[in-house]
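Overview (structure and organization)
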Amino acid sequence: MGVEQHQKAAHLLAKTKQLKKAIQISAEKGVPITEDLAEMLNPIKGELDEDSRIYILSQLGELLQQQGDYHTATKKFTQAGDKVRAMKSLLKSGNTEKIIFFANMSRQHEVYIMAANYLQALNWQDDNNILKHIVTFYSKRQAFDSLANFYAICAQIEIDEYHNYEKALKAMQEAHACLVKLGSHSQQAINNLQRTMADVKSILEIQNALQNGDNQMAISGCRNMLIKPEMPPIRQSDIIALLIRALTNTKQYNEAAKALKELSVRDPGWCSSGILEKSLVQRIAKECNLDFDLIWKPTQSYAMDNDDDSDQEEIQEVLR
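Note that this is a predicted model, so its numbers are computed, not measured.

The number of helices and strands found in the protein is 19 helices and zero strands. Based on the C-alpha atoms only, the size of the protein along its principal axes is roughly 95 × 50 × 25 Å. Out of the 320 residues belonging to the protein, those deemed buried represent 43%. Residue pairs at least 24 apart in sequence account for 49% of intrachain contacts in the protein once pairs closer than 6 positions are excluded. A total of about 17,200 Å² of accessible surface is found on the protein, and carbon and sulfur atoms cover 47% of it. Of note, the protein has its 37 positive side-chain charges centred 9 Å away from the centre of its 42 negative side-chain charges.

This is the structure we're talking about:
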């Protein structure tokens, strides 16, 4: 008996309201659930007892999901009152707009978490609407641990990709507020975050000092911070870059060149990261009689990683 015969049998059973048997044959024999068959298998309220109706809708949703019709499967699970399975099916569709809409309409805590977790896997950094929904869904669920972790990720990205410590601090402050809501069992995390926030504030003070022309305060602040071990998300390469600017502003070019050497050790890809302007490095190279082309290598490590030993010796001699 071929699939077509099984399909005819399923249609006949559905027409005669033998829905459970029709569902069973469809599941066992791999009968495709067409739009017409799905409509025929859909139980009408009042014709069956509630348990049977829910069972049939759930089984129908499962079959539709297996054959990739996630949208219709979501409808069947929703009609069965199973919003969690409905959301799981919708997540497989990857339709972000419908996922957000369904989560907002469901008003169910587990669904909020599922939606927020899904949205985190998207490119939310470039889509403020998605970012807002992540925060909204975690907040509605009162999942302050997940929300604190999300804000921590935001802070890390602001530093790693944009070197923006001001925005990173704002994200950390939001994370701190979430941790406070979790109570005393998050005290260790709160203490760690407060230490990190204090360091970020110190970096912002150094940046402000540079902007206001207080280079000596900036130099002192950078050196004090560089004594400490590096603790993510703070990057010592960013602090060294601030130090190089301050040293260059005060015409301490040899010291700036030494700091450049340290930067190359800490961050071999510094030329491509945007933490120092090319013109500033050119100025240091000129004042120290360095070969700029040996220093500025956007696609390679700094001169210390150059394969040419003679070049390395030349730079080391200048920076010594």
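On to the nonpolar core. Proteins that are soluble and globular tend to have nonpolar side chains buried together. Of all hydrophobic cores here, the largest spans 97 residues; its most connected members are Leu41, Met87, Ile244, Trp270 and Leu276. Apart from the residues lying within four places of it in its own chain, the contact partners of leucine 276 are Ala241, Ile244, Arg245, Leu260, Leu263, Trp270, Val281 and Trp296.

Taken as a whole and judged by the stated rule, the model has 11 salt bridges. We note a salt bridge from aspartate 199 to lysine 228, for which the minimum N-O separation is 2.9 Å. Note that aspartate 199 is positioned in helix 12 (residues 187–211) and lysine 228 in the loop between helix 13 (215–227) and helix 14 (236–249), a separation of 29 residues in sequence. Overall, the relative accessible area of 18% leaves aspartate 199 in the buried class. Its relative accessible area of 40% is what places lysine 228 among the partly exposed residues. One salt bridge in this structure joins arginine 235 and aspartate 267, with 3.5 Å as the shortest N-O distance. One end of the pair, arginine 235, is in the loop between helix 13 and helix 14; the other, aspartate 267, is in the loop between helix 15 (253–266) and helix 16 (270–273), with 32 residues separating them in the sequence. Looking at arginine 235, the relative accessible area reads 21%, which means it is partly exposed. Of the residues examined, aspartate 267 reaches a relative accessible area of 12% and is grouped as buried. Through salt bridges that share partners, Asp160, Arg235, Asp238 and Asp267 make up one connected network.

Turning our eyes to something else, we now look at the confidence of the model for the protein. The share of residues in the protein with pLDDT of 70 or more is 92%, and the mean pLDDT across the chain is 90. Segment residues 301–316: pLDDT under 50, and 30 contacts once partners within four positions in sequence are set aside and those in other chains are kept.

So, on to the packing of helix 4 (residues 50–66) against helix 6 (residues 83–93). At a closest axis distance of 11 Å, the pairing of helix 4 and helix 6 adopts a crossing angle of 10 degrees. With respect to helix 6, the axis of helix 4 lies roughly parallel. Once helix 4 is placed against helix 6, the crossing between them reads as left-handed. Counted together, Ser58, Glu62 and Gln65 of helix 4 and Arg85, Lys88, Ser89 and Lys92 of helix 6 form the full contact between these two elements. Among the residues forming the contact of helix 4 with helix 6, the class breakdown is no nonpolar, three polar and four charged.

Turning next to the environment of lysine 8. Here lysine 8 lies in helix 1 (residues 3–15). Along the primary structure lysine 8 and isoleucine 54 are separated by 46 residues, whereas in three dimensions their C-alpha atoms are 24 Å apart.

Conventions used here
Residues numbered from 1 in each chain as written. Predicted model: local features only at pLDDT ≥ 70, side-chain atom pairs only at ≥ 80, totals over all residues. Heavy atoms only, no water. Helix = DSSP H or I, 4+ residues; strand = E, 2+ residues; numbered from the N terminus. Buried < 20%, exposed > 50% of the residue type's maximum accessible area, 1.4 Å probe, protein only. Contact = heavy atoms within 4.5 Å. Areas by Shrake-Rupley, 256 points an atom, 1.4 Å probe, with all protein chains shown as cover. Lys, Arg positive; Asp, Glu negative; His and termini not counted. Charge placed at Lys NZ, Arg CZ, Asp CG, Glu CD. Core = buried A, V, L, I, M, F, W, Y, C linked by side-chain atoms within 4.5 Å. Salt bridge = Lys/Arg side-chain N within 4 Å of Asp/Glu carboxyl O. pLDDT = per-residue confidence, 0-100. Axes fitted to C-alpha atoms, helices over the stretch in contact; angles between N-to-C directions. Parallel < 35°, antiparallel > 145°, perpendicular 65-115°, else oblique. Left-handed = near helix turned anticlockwise from the far one by under 90°. Nonpolar A, V, L, I, M, F, W, Y, C, P; charged D, E, K, R; others polar.

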